[in-house]
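# Coordinates in review
Residues per chain, in single letters:
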Amino acid sequence: AAPTACPAGSYCASVDTVPTPCPAGSYSNATKATSANACAPCPSGTFCFPQGQTAPTNCSAGTFCPSSGLSSPPQCPPGSYCPSSGMTAPLVCSPGNFCPSSNMTAMIPCTVGFYCPSSGMSTAAPCPPGSYCPSSGMSTPILCPAGLYSPFTSATSINTCQACLAGYWKGI
């Protein structure tokens, strides 16, 4: 039988052996490769799995590929998100938003009654007593006006602010 060219995604160290697939984390689009040197590491933003790949695969949305030679893309961790494919680093959730789980592709605005004061939050904070959070996406609660106080957690309206009891006061 006539010899067959060594296929892409592998190399043939000798004419007497079957093709050896490029290891996971690498690829080769060349035919007739004769050594493992023909297998290049998958560039950052991509991964190569399983062995024998002829081209890298972009990391999907929700994951990121920070370095070359990856065989598996890590998921974006809680507090961050990865909105598109081929990302090399996750984006940090911005104030007013939170990212509660791994593999997020978008931020979630903090819901009414809650606020998210800092970047990278994985949980929203309830609006504390003495304040209210009337809209979604808030990074700072609104304090009740001077002389009024809300005893409630997660208050959503200025209507929860009540007059301070006799003998008490609420400063500005």
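Just above sits the structure.
Residues numbered from 1 in each chain as written. Predicted model: local features only at pLDDT ≥ 70, side-chain atom pairs only at ≥ 80, totals over all residues. Heavy atoms only, no water.

### Some thoughts on the overall build of the protein
Within the protein one finds zero helices and 16 strands. Since a compact globule built from 172 residues should have a radius of gyration of about 16 Å, the 28 Å found for the protein marks it as more spread out than a globular shape. Across the 172 residues that make up the protein, the buried fraction comes to 33%. In the protein, the share of contacts with a sequence separation of at least 24, taken over all contacts with a separation of at least 6, comes to 37%. Entry remark: accessible area of the protein is about 9,200 Å², with carbon and sulfur atoms responsible for 59%. (Helix = DSSP H or I, 4+ residues; strand = E, 2+ residues; numbered from the N terminus. Rg over C-alpha atoms; globule rule 2.2 N^0.38 Å. Buried < 20%, exposed > 50% of the residue type's maximum accessible area, 1.4 Å probe, protein only. Contact = heavy atoms within 4.5 Å. Areas by Shrake-Rupley, 256 points an atom, 1.4 Å probe, with all protein chains shown as cover.)

### Let's talk about the side chain of Ser28
Within the secondary structure layout, Ser28 lies in the loop between strand 3 (26-27) and strand 4 (40-41). Assessed through its relative accessible area of 2%, Ser28 is described here as buried. A distance of 3.3 Å separates the side chain of Ser28 from the backbone nitrogen of Ala30, its partner in a polar contact. Residue contacts for Ser28: discarding those within four places in its chain leaves Ala8, Gly9, Cys22, Ala38, Cys39, Gln53 and Thr54. (Polar contact = N/O pair within 3.5 Å; in protein donor to acceptor, adjacent residues only side chain to side chain.)

### Some thoughts on the nonpolar core
Generally speaking, a soluble globular protein has its nonpolar side chains buried in company with each other. Within the largest apolar cluster, five residues are counted, these being Tyr115, Ala125, Cys127, Cys133 and Met138. When neighbours within four sequence positions are excluded, Met138 is seen to be in contact with Gly96, Cys110, Phe114, Tyr115, Cys116, Tyr132 and Cys133. (Core = buried A, V, L, I, M, F, W, Y, C linked by side-chain atoms within 4.5 Å.)

### Some remarks on the state of the cysteines
Inspection of the entire model under this criterion finds nine disulfides. Disulfide partner of Cys127: Cys133, at an S-S distance of 1.7 Å. An S-S torsion of about 70° defines the bridge between Cys127 and Cys133 as right-handed. The exposure class assigned to Cys127 is buried, which follows from its relative accessible area of 0%. (Disulfide = S-S within 2.5 Å.)

### Here's the deal with unusual backbone geometry
Cis geometry is found at the peptide bond from Phe49 to Pro50, where omega equals -5°. In the Ramachandran plot, Asn103 falls in the positive-phi region, its phi being about 70° despite a non-glycine side chain. Considering the arrangement of structural elements, one finds Asn103 in the loop between strand 9 (97-98) and strand 10 (108-109). Positioned with a positive phi, Ser154 is a non-glycine residue whose angle comes to about 65°. Relative to the assigned elements, Ser154 resides in the loop between strand 15 (148-149) and strand 16 (162-163). Relative accessible area serves as the criterion here: at 24%, Ser154 is assigned to the partly exposed category.

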